[in-house]
Amino acid sequence: MSSIDVLFVYNFFMEKTTKFQIRFNECLKYAEIKQTELAKAAKVSKQCISDYKAGKSEPSIDTLFLLCKFLDVSSDYLLGLTDE
């Protein structure tokens, strides 16, 4: 695979990746918590957490509130509206 092909694949992937997905994955990594713990705190299934990580779905407002509270971040940060 040439470097141009790699760049194309990277750009294609990044276009499909949302700010929420990127920041959600960052928060999970730094919080060092298990998906099952987060799922329980957010009152959703572990599959929902996996879907959020993979960018297959995004949480409802109520779930977003619980995720932010548990991860100790603002919804603006998680949604990519602010960098703080």
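Described below are features of the structure shown in this document. Predicted model, so just to flag it, every value in this text is computed and none were measured.

**Here's the deal with the packing of helix H3 (residues 35-42) against helix H4 (residues 46-54)**
Part 1 of the argument: Two elements in contact, H3 and H4, have axes whose closest approach is 8 Å; the angle formed by their N-to-C orientations is 110°. Judged by the angle between their axes, H3 and H4 are roughly perpendicular. Within the contact between the two elements, H3 uses Gln 35, Thr 36, Leu 38 and Ala 39 and H4 uses Lys 46, Ile 49, Ser 50 and Lys 53.
Part 2 of the argument: Of the residues assigned to the contact of H3 with H4, the class counts are three nonpolar, three polar and two charged.

**A word on the packing of helix H2 (residues 19-31) against helix H5 (residues 61-71)**
Part 1 of the argument: Between H2 and H5, whose axes approach to 11 Å, the crossing angle comes to 35°. Note that H2 runs across H5; the crossing there is left-handed. On H5, the residues touching Phe 20, Phe 24, Cys 27, Leu 28 and Ala 31 of H2 are Leu 64, Leu 67 and Leu 71.
Part 2 of the argument: Of the residues that constitute the contact of H2 with H5, the class distribution is eight nonpolar, no polar and no charged.

**Points about the environment of Ala 54**
Part 1 of the argument: Position of Ala 54 among the secondary structure elements: in helix H4.
Part 2 of the argument: The class of Ala 54 is partly exposed, set by a relative accessible area of 44%.

**Some thoughts on unusual backbone geometry**
Part 1 of the argument: Positioned with a positive phi, Glu 32 is a non-glycine residue whose angle comes to about 50°.
Part 2 of the argument: Along the chain, the position of Glu 32 falls in the loop between H2 and H3.
Part 3 of the argument: Accessibility expressed as a relative area gives 72% for Glu 32, which makes it exposed.
Part 4 of the argument: With a phi close to 60°, Asp 72 is a non-glycine residue in the positive phi region.
Part 5 of the argument: Its location among the elements puts Asp 72 in the loop between H5 and helix H6 (75-78).

**Overview of the environment of Asn 25**
Part 1 of the argument: The residue Asn 25 is located in helix H2 in this model.
Part 2 of the argument: What makes Asn 25 partly exposed here is its relative accessible area of 26%.
Part 3 of the argument: Linking Asn 25 and Lys 53, residues 28 residues apart in sequence, is a C-alpha distance of 5.9 Å.

**Points about the state of the cysteines**
Part 1 of the argument: Across all of its chains, the model carries zero disulfides by this definition.
Part 2 of the argument: The structure places no disulfide on Cys 27, whose sulfur is separated from the nearest cysteine sulfur, that of Cys 68, by 8.1 Å.
Part 3 of the argument: When its relative accessible area of 10% is taken as the criterion, Cys 27 is described as buried.

Scoring rules and cut-offs
Residues numbered from 1 in each chain as written. Predicted model: local features only at pLDDT ≥ 70, side-chain atom pairs only at ≥ 80, totals over all residues. Heavy atoms only, no water. Axes fitted to C-alpha atoms, helices over the stretch in contact; angles between N-to-C directions. Helix = DSSP H or I, 4+ residues; strand = E, 2+ residues; numbered from the N terminus. Parallel < 35°, antiparallel > 145°, perpendicular 65-115°, else oblique. Contact = heavy atoms within 4.5 Å. Nonpolar A, V, L, I, M, F, W, Y, C, P; charged D, E, K, R; others polar. Left-handed = near helix turned anticlockwise from the far one by under 90°. Buried < 20%, exposed > 50% of the residue type's maximum accessible area, 1.4 Å probe, protein only. Disulfide = S-S within 2.5 Å.

The values reported here are purely geometric and, on their own, carry no functional implication.
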